[in-house]
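Below are the chains, spelled out letter by letter.
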Amino acid sequence: MAEPKEITRRDAIKTAGAVAVAGAAITKLEGAPAILKARAAADPVKYGMVGTGSRGTYLLKHLKGIDTGACVAICDISDDALDKAQKTIGGNPRRYKDYRELLSDKEVEAVFVTTPLFAHFPVTRDALEAGKHVFCEKSLVFKPEEVHALKALAHSKPKQVLQVGLQRRYSAMYQAARQMIEKGLLGEVGFVQAQWHRNPGWKMKKGVPNERMANWRLFREYSGGLVAELASHQIDVADWMLGMTPEAVMGLGALDYMKDGRDIFDNVQLIYKYPKGRRLVWTSVPCSTHWPGVGGARTEMGEIIEGTHGTIHITIGDDNNRPIGMWFREPNPPSKAEEAKKAAKKEEFKAGATMVAAAGSRPLPILLSKDLMTGKESFLEKELKYARLWLYQKGILVPEEEKNPVDTALEAFFHDTRTGGRPKADLEIGLQDSIAVILSNLALDEGRMVYFNEIENMGKPGAPARPARRG
Ligand SMILES: NC(=O)c1ccc[n+]([C@@H]2O[C@H](COP(=O)([O-])OP(=O)(O)OC[C@H]3O[C@@H](n4cnc5c(N)ncnc54)[C@H](O)[C@@H]3O)[C@@H](O)[C@H]2O)c1
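Conventions and cut-offs
Residues numbered from 1 in each chain as written. Predicted model: local features only at pLDDT ≥ 70, side-chain atom pairs only at ≥ 80, totals over all residues. Near = placed C-beta within 6 Å. Helix = DSSP H or I, 4+ residues; strand = E, 2+ residues; numbered from the N terminus. Nonpolar A, V, L, I, M, F, W, Y, C, P; charged D, E, K, R; others polar. Buried ≥ 20, exposed ≤ 12 C-beta atoms within 10 Å, placed from the backbone. Axes fitted to C-alpha atoms, helices over the stretch in contact; angles between N-to-C directions. Parallel < 35°, antiparallel > 145°, perpendicular 65-115°, else oblique. Left-handed = near helix turned anticlockwise from the far one by under 90°. Contact = placed C-beta atoms within 7 Å. Pairing = 2+ DSSP bridges. pLDDT = per-residue confidence, 0-100. Core = buried A, V, L, I, M, F, W, Y, C linked by C-beta atoms within 7 Å. Domains from an automatic or database assignment.

Below, the discussion takes up the site of the ligand. Looking at the ligand, there are 24 residues lining it, with Gly 51, Gly 53, Ser 54, Arg 55 and Ala 81 nearest. For the shell around the ligand, the element with the most residues is helix α3 (residues 54-63), which contributes three residues. Its residues assigned to classes, the shell around the ligand comprises nine nonpolar, ten polar and five charged.

What follows deals with helix α8 (residues 172-182). In terms of burial, α8 is largely enclosed, as nine of its eleven residues are buried. Among all positions in α8, only Ala 172, Met 173, Tyr 174, Gln 175, Ala 176, Ala 177, Arg 178, Met 180 and Ile 181 are buried. Two residues or fewer past α8, Gly 184 is found with a positive phi of approximately 85°.

With that out of the way, let us pick up the packing of helix α10 (residues 225-242) against helix α15 (residues 427-446). Contact geometry of α10 with α15 gives a least axis separation of 9 Å together with a crossing angle of 125°. The orientation of α10 relative to α15 falls into the category oblique. The way α10 lies across α15 gives a crossing that is right-handed. Facing α10, whose interface residues are Gly 225, Val 227, Ala 228, Ala 231, Ser 232, Ile 235, Asp 236 and Asp 239, α15 presents Ile 429, Gln 432, Asp 433, Ala 436, Val 437, Ser 440 and Asn 441. Split into classes, the residues belonging to the contact of α10 with α15 amount to seven nonpolar, five polar and three charged.

Strand order in the open sheet made by the six strands is β3-β2-β1-β4-β5-β6, with parallel pairing throughout. Of all strands in the sheet, those bounded by a partner on one side alone are β3 (94-96) and β6 (162-164). Pairs of neighbouring strands in the sheet enclose a mean axial angle of 25°, with direction left out of account. Bridge analysis of strand β5 (residues 133-136) against β6 gives three bridges, and the strand direction is parallel.

On to the confidence of the model for the protein chain. Averaged over the protein chain, the pLDDT score is 88; the fraction of residues at 70 or greater is 84%. Low pLDDT, under 50, characterises residues 11-40; the stretch is placed with 65 contacts to residues that sit more than four places away or in other chains. Confidence drops under a pLDDT of 50 for residues 346-357, and excluding neighbours within four residues, the segment shows 27 contacts in the predicted structure.

This part covers the nonpolar core. The tendency in soluble globular proteins is for nonpolar side chains to be buried as a group. Ala 177 and Met 241 are the most contacted members of the largest nonpolar core, which totals 111 residues. In terms of residue count, the dominant contributor to this core is α10 (eleven residues). The residues that make up this core include at least three from each of domain 1 (9-28 + 171-402) and domain 2 (31-160). Here Met 241 is in contact with Ala 177, Arg 178, Ile 181, Val 189, Val 192 and Ile 305, once residues within four sequence places are set aside.

Read from one edge to the other, the open sheet built from nine strands follows the order β14-β13-β12-β11-β7-β10-β9-β8-β15, with strand pairing classed as mixed. At either end of the open sheet lies a strand with only one pairing partner, and these are β14 (364-365) and β15 (450-451). Pairing analysis gives six bridges linking strand β9 (residues 267-273) to strand β10 (residues 279-284), with the strands arranged antiparallel. From the neighbouring strand, Leu 270 faces β10, where its bridge partner is Trp 282. Set on the sheet, α10 makes contact with β7 (189-196), β9, β10 and β11 (301-307); between it and β7 the angle comes to about 160°.

Attention now goes to the packing of helix α7 (residues 144-155) against α15. Relative to each other, α7 and α15 sit at 170°, their axes nearing to 10 Å. Regarding the angle of α7 to α15, the classification is roughly antiparallel. Facing Pro 144, Val 147, Leu 150, Lys 151 and Ala 154 of α7, the residues of α15 in contact are Leu 427, Leu 431, Ser 434, Ile 435 and Ile 438. Class assignment for the residues of the contact of α7 with α15 results in eight nonpolar, one polar and one charged.

Further remarks concern unusual backbone geometry. Following Lys 138, the chain continues into Ser 139 via a peptide bond in cis, with omega recorded as -15°. With respect to the helices, strands and loops of the structure, Ser 139 is situated in the loop between β5 and α7. Each neighbour pair has its own omega, and for Asn 199 with Pro 200 the value is 15°, a cis peptide bond. Among the secondary structure elements, Pro 200 is positioned in the loop between β7 and α9 (211-214). With a phi close to 60°, Lys 276 is a non-glycine residue in the positive phi region. Among the structural elements, Lys 276 can be located in the loop between β9 and β10. Look at Lys 276 and you get exposed, because 8 C-beta atoms sit within 10 Å. One non-glycine residue, Val 294, lies in the positive phi region at around 40°. Looking at the secondary structure, you find Val 294 in the loop between β10 and β11.

So this is what it looks like as structure tokens:
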């Protein structure tokens, strides 16, 4: 198939029409409607934060710009962390060193749990017992017994919101990807490749007060290592995109590079077996940040979601690099290949072969609501949209989400707290994610295939120290 010499504006519109299906339904998913926001702002959710370290202050920086919540209390065992938090959020939140005191503060309606992983469960449990709504960072819980205990407890508190810090669930770009899959644009999705590569990876902080706690991520006593801190986000993406949860996991974990006293692995590769032959392969290496997705435009982390009819590259980014994604059509989808070719020829005749030539090699934009034609645009707005689509199509511009999904997730938490809504990253999603983390680490430690139903017997009274292999 000949490459078109010049992609015309008309081609861009044609392509946009074909992929608009991905964005057509997402408007309602992008945050709370303005009217509800305005009403909630008059009655902001009064929250406290437990654990005001790096993530806590990052969230406070974002929370400062959200008027549907008001910080009334902060808690940390470190004065320095409390000082930084107070400076970040401003105002005059009450300061606590013991989280139980924050929980008995009557004014606090909702609690952010941003402590190290080992402390997520006790704080979340006590916060729910105290009648508070909870936003707990990922990974939700640390140990098998905590999975069972939190499930029972949270189910007994149906009126309290429990949201988990899996912000990809709140991203319009990830939601558009999920809708593309639902609408069949990728055909049968069979494989997810996800990576979080760093160079060199977490460094040990030396000469700081309470050195071991300051480096909690590096010690198994407090941390689930790379799997809990990084893979947890991406296993959740795979579950979401595949629409199922894994049956088993196996992998290789080693401490190869950073032998500085840490006891977690720094080099991890995992394979997840899902029903119907689906797979997730997750890798984390500490010797390169290269990511081959999105044309090499981003580094470190991202997911490649592959189906019989197409593939999506997607990554969340950070404060400076918003979520981006692109997709590729499969050149020869296994079914209806002849029809596709015939349709392609017809298309080429009509519109200059844009879609067909793009198959396999050229990325196509994943369109968000801002790019879709509603028919209500002014002349200028229409021209701007056409121009943007044309630039996307030429590969000069990649559609980027306008909002940081962290902000969307925080706004949604306050919204759900006021309306009784169900979080997109709720208890079930958080627990499933924690189960995956716990079992992945077991697979790495024991060097065997671990079955997901093993969790049922783990952490229960009378359970064997090492669960029997099942499934
Ligand atoms: N969603 C995301 O993308 C994302 C990103 C980064 C971190 N996180 C999560 O946020 C959590 C915190 O990570 P971090 O990087 O901020 O760690 P950190 O070490 O920088 O901060 C943790 C803070 O908790 C405090 N703390 C420890 N025990 C406490 C207790 N019992 N009561 C009150 N405070 C206590 C510590 O003093 C410290 O200030 C982790 O679970 C991590 O996985 C999530």
